[in-house]
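The residues making up each chain are set out below.
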Amino acid sequence: MIKIHKILILALFFCSSKSFALIEVDITRGNLNPLPIAVSPLFSDKKSNTDLKTDLNIENIGEEISTVVENNLKRTGLFNPLEKKAFLQNPDLAHLKPRFEDWSLIKAQALVTGQVKFENEKLRVEFRLWDVLAAKEMMALAFTTVPNNWRRVGHIISDKIYERLTGEQGYFDTRIIYVSEQGPKTKRIKKLAIMDQDSVNTKYLTLGNELVLTPRFNPTNQMVTYLSYFKNLPRVYLLDIETGIQEVVGDFPGMTFAPRFSPDGKKIIMSFAKDGNSDIYTMNLESRIVERITNHPSIDTSPSYSPDGKFITFNSDRSGFQQIYVMKSDGTNVKRISFGKGLYGTPVWSPRGDLIAFTKFRKGKFFIGVMRVDGSGERLLTENYYQEAPSWSPNGRVLIFYRETKSNDKGEGFSAKLWSIDLTGYNERQVPTETDGSDPSWSSLLSN
Amino acid sequence: MISNKIFKNIFLAFLLSFVLSACATQTKKVDSQMQGDVYTGTDTVEYLATGVPDRVFFATNESVLTTASRDTLRKQASWMRKNSDVTVVLEGHADERGTREYNLALGERRANSAKDYLMTYGISSNRISVISYGKERPVDSGSNPLAWSKNRRSVTVKAN
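Owing to the predicted nature of the structure, the values given are computational and were not obtained by experimental measurement.

Analysis parameters
Counting of residues starts from 1 at the beginning of each chain's written sequence and follows it residue by residue. Written order decides the labels, with chains lettered from A and ligands numbered from 1. Two thresholds apply to this predicted model, a pLDDT of at least 70 for residue-level local features and 80 or more for giving and counting side-chain atom pairs, whereas whole-chain, interface and lining totals are computed over all residues. Values shown for side chains rest on all heavy atoms present in the structure; no hydrogens or waters enter the calculation. Runs of E in the DSSP output that reach at least two residues are strands. Runs of H or I that reach at least four are helices, and both are numbered from the N terminus. We call a residue buried when its accessible area falls under 20% of the maximum for its residue type, exposed when it is over 50%, and partly exposed in between, using a 1.4 Å probe and counting protein chains only. Pairs of N or O atoms are called polar contacts if they sit within 3.5 Å, as long as, within protein, a hydrogen donor faces a hydrogen acceptor (for residues adjacent in sequence, only side-chain-to-side-chain pairs). Residues count as neighbours in contact if any of their non-hydrogen atoms are within 4.5 Å of one another. Buried surface area refers to the total accessible area, computed with a probe of radius 1.4 Å, that the two partners give up upon joining, counted for both partners together. Put simply, a salt bridge is a Lys or Arg side-chain nitrogen that is within 4 Å of an Asp or Glu carboxyl oxygen. Put simply, Ala, Val, Leu, Ile, Met, Phe, Trp, Tyr, Cys and Pro go in the nonpolar bin, Asp, Glu, Lys and Arg in the charged bin, and everything else, Gly too, in the polar bin. Strand pairing follows a simple DSSP-based rule, namely that at least 2 bridges must link the two strands. Only C-alpha atoms enter the line fits that serve as axes; for helices the fit covers just the stretch in contact. Angles between N-to-C directions range over 0 to 180 degrees. For a helix, the expected span equals 1.5 Å multiplied by the residue count minus one.

Draft legend 1. Region of the structure containing the environment of S124 of chain B. Residues and elements named next belong to chain B. Residue placement: S124 occurs in the loop between α3 (100-120) and β7 (128-134). Given the relative accessible area of 32%, S124 is considered partly exposed. Sequence-wise, S124 and R81 are 43 residues apart; in three dimensions their C-alpha atoms are separated by 9.8 Å.

See the structure below:
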């Protein structure tokens, strides 16, 4: 009896939400039924296009912005942007008042329109999101910025559309920092590199003179922490990507590694290795106070805070093999949470707080998976020859990680690439990088 | 009947010896380079001085020194005692089949087990420094058990 009630209530809720006519994207199943959306080119007048052409080296600013939006939406696996050739209505007219019957004819359920103007050295971008079936406007926004920021406008529009249609925060106005890799395996040259999440605007932050590993963003700003072998002393560094200024974190008499920021961005948590033993430490970036969190003869590494800062998940071999543990942020109450067959590493707490992503090694295969924070509900999302180091998108929806291929006996055929996968296990795709890449970390939203 | 039985026995014995010899040659082949999964070959080994190998090898996930490793380290210690101005860096390494951060810790643990052994043979800790490269600097770029066994190592490098 109770069960029947529940189903009825759900059905009513579903019906009623539908009868308010607003389209929704089903975000629970990844890419099974992507929402057909028409992204009409944003209308930009001739004068604006001509004025911007020399500065930005693009022909039609409106079309370019809409392409950024279209590609962002497509990569989520949740949307199916329709072929522009099929559009019947001109961009400027569509933006004023869409002829909804034209758009529903090509099976669009949502429509994005907009216009761009270049006035007084500023770019003014306006867009609207329409519900085609209900013939209604869902949202309208305008942005003013310097012309160079045109791609970011595209990302912010994508975020707004994504948020409106899925009910989740977007993740398009973000960047990815990673390690660029070149050269043979035995003499690999590694540099810090940063790019927009859509693989555009790659910049190299180090020259490759020293080995660099595991860069991670501060979740509250654009600072980065990473491991550098500068002067052959492997130490955790702090880097301000805006100014390029970097400094060593703390004064440790040995290797510090596996750094991450606390959720408030005020501390760095990392491992310090001495005399064959790695333990977890934190350093407060303001007071410079160092605290020892674990004190155990085993290897304790890869620490990651819960988003409320109250807990830490980490990797330890105190049971004899690599497993995942959770403890209070003061180091007490240590509990092992991984109990499946195989070895577990690189735990990283979801920004939503409910899941921990990890790498698992079993029977010669590597998996990226997620489990609840008590270790229950383990789900393996992807299996491969070698892959590790998942990093969450800021909304906790997508994981980015790196994957290596097997080399032959001469060392040929090796590559390291970035990949992403939806939390549901769908929509696995390579994230293009100019060179080989590894150790990706996803920034928080730039616009927040 | 009897001859038939003898024939059968001979046949079985023949078959068995064939199988055994096949086994023997196979183990021997691996044995020449690996014992268990510890590298015992000399392909990648360099020498600090005549008869003093520069590196020791480890089993997967292990930092325990094998008998052969202890022998090598005793030779290194005796060479260091004779050359009392020499200082060394012990470089700890791991194979590519493990997560990067754990391997950094594992490399450090391996180099330190070599350091501890040198110290028990009278080498002062201020003549030895330690660095871990994790899986960042393999000597063999292959993706096979033999290549990995060569890469699980601690290498003693003359620092001055």
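Draft legend 2. Quick peek at the environment of N315 of chain A. Residue and element names in this part refer to chain A. Counting through the fold element by element, N315 comes out in strand β19 (residues 311-316). Note on N315: relative accessible area 0%, which makes it buried. When the C-alpha atoms of N315 and S180 are compared, they prove to be 25 Å apart, with 135 residues separating the residues in sequence. At a separation of 2.9 Å, a polar atom in the side chain of N315 contacts the side chain of Q322.

Draft legend 3. The interface of chain A and chain B, seen in detail. Counting residues at the interface gives 49 residues for chain A, matched by 28 residues for chain B. At the boundary of chain A with chain B, total buried surface from both sides reaches about 3,100 Å², with 49% on carbon and sulfur atoms. When the buried area of chain A at its contact with chain B is split by residue, K185, T186 and I299 of chain A rank highest and sum to 18% of it. Run the count over chain A and chain B and you get 6 salt bridges. Between R100 of chain B and D439 of chain A there is a salt bridge; the shortest N-O distance is 2.9 Å. At the junction of chain A and chain B, the tally comes to 26 residue pairs in polar contact (both at pLDDT 80 or more). A class-by-class count of the residues in the side of chain A that touches chain B yields 17 nonpolar, 18 polar and 14 charged.

Draft legend 4. Examining the pattern of salt bridges more closely. Under the definition given, this model contains 36 salt bridges over all chains. The salt bridge involving E378 of chain A is made with K360 of chain A; its shortest N-O contact spans 2.9 Å. Of this pair, E378 of chain A sits in the loop between β24 (365-372) and β25 (379-384) while K360 of chain A sits in strand β23 (residues 355-362), placing them 18 residues apart in sequence. Owing to a relative accessible area of 6%, K360 of chain A belongs among the buried residues under this scheme. One salt-bridge network, in which partners are shared between bridges, spans E181, R188, K190, K417, D436 and D439 of chain A together with R100 and E136 of chain B.

Draft legend 5. Focus on unusual backbone geometry. Residues and elements named next belong to chain A. For K107, which is not glycine, the phi dihedral falls at a positive 75 degrees. Counting through the fold element by element, K107 comes out in the loop between α5 (100-105) and β4 (110-119). We note that A258 has phi near 55 degrees; this positive angle belongs to a residue other than glycine. Note on placement: A258 falls in strand β14 (residues 255-261).

Draft legend 6. Quick look at the sheet that holds strand β17 (residues 290-292) of chain A. Sheet architecture is open: 4 strands sit in the order β14-β15-β16-β17 (chain A), paired in antiparallel fashion. Only two strands of the sheet have a single partner each, and these edge strands are β14 and β17 of chain A. Strand-to-strand twist in this sheet, taken as the mean axis angle between neighbours without regard to direction, amounts to 30 degrees. Sheet topology places strand β16 (residues 277-284) of chain A next to β17 of chain A; 3 bridges connect them, and they run antiparallel. From the neighbouring strand, Y281 of chain A faces β17 of chain A, where its bridge partner is R292 of chain A. Contacts between α3 of chain B and the sheet are confined to β14, β15 (267-274) and β16 of chain A, with β14 of chain A contributing the most and set at about 160 degrees to the helix.

Draft legend 7. Focus on α3 of chain B. Residues and elements named next belong to chain B. The end-to-end C-alpha separation of α3 is 31 Å, in line with the 30 Å expected for 21 residues at 1.5 Å each. With 18 of its 21 residues buried, α3 lies for the most part within the structure. Following α3 by one or two positions, G122 adopts a phi angle in the positive range, close to 90 degrees.

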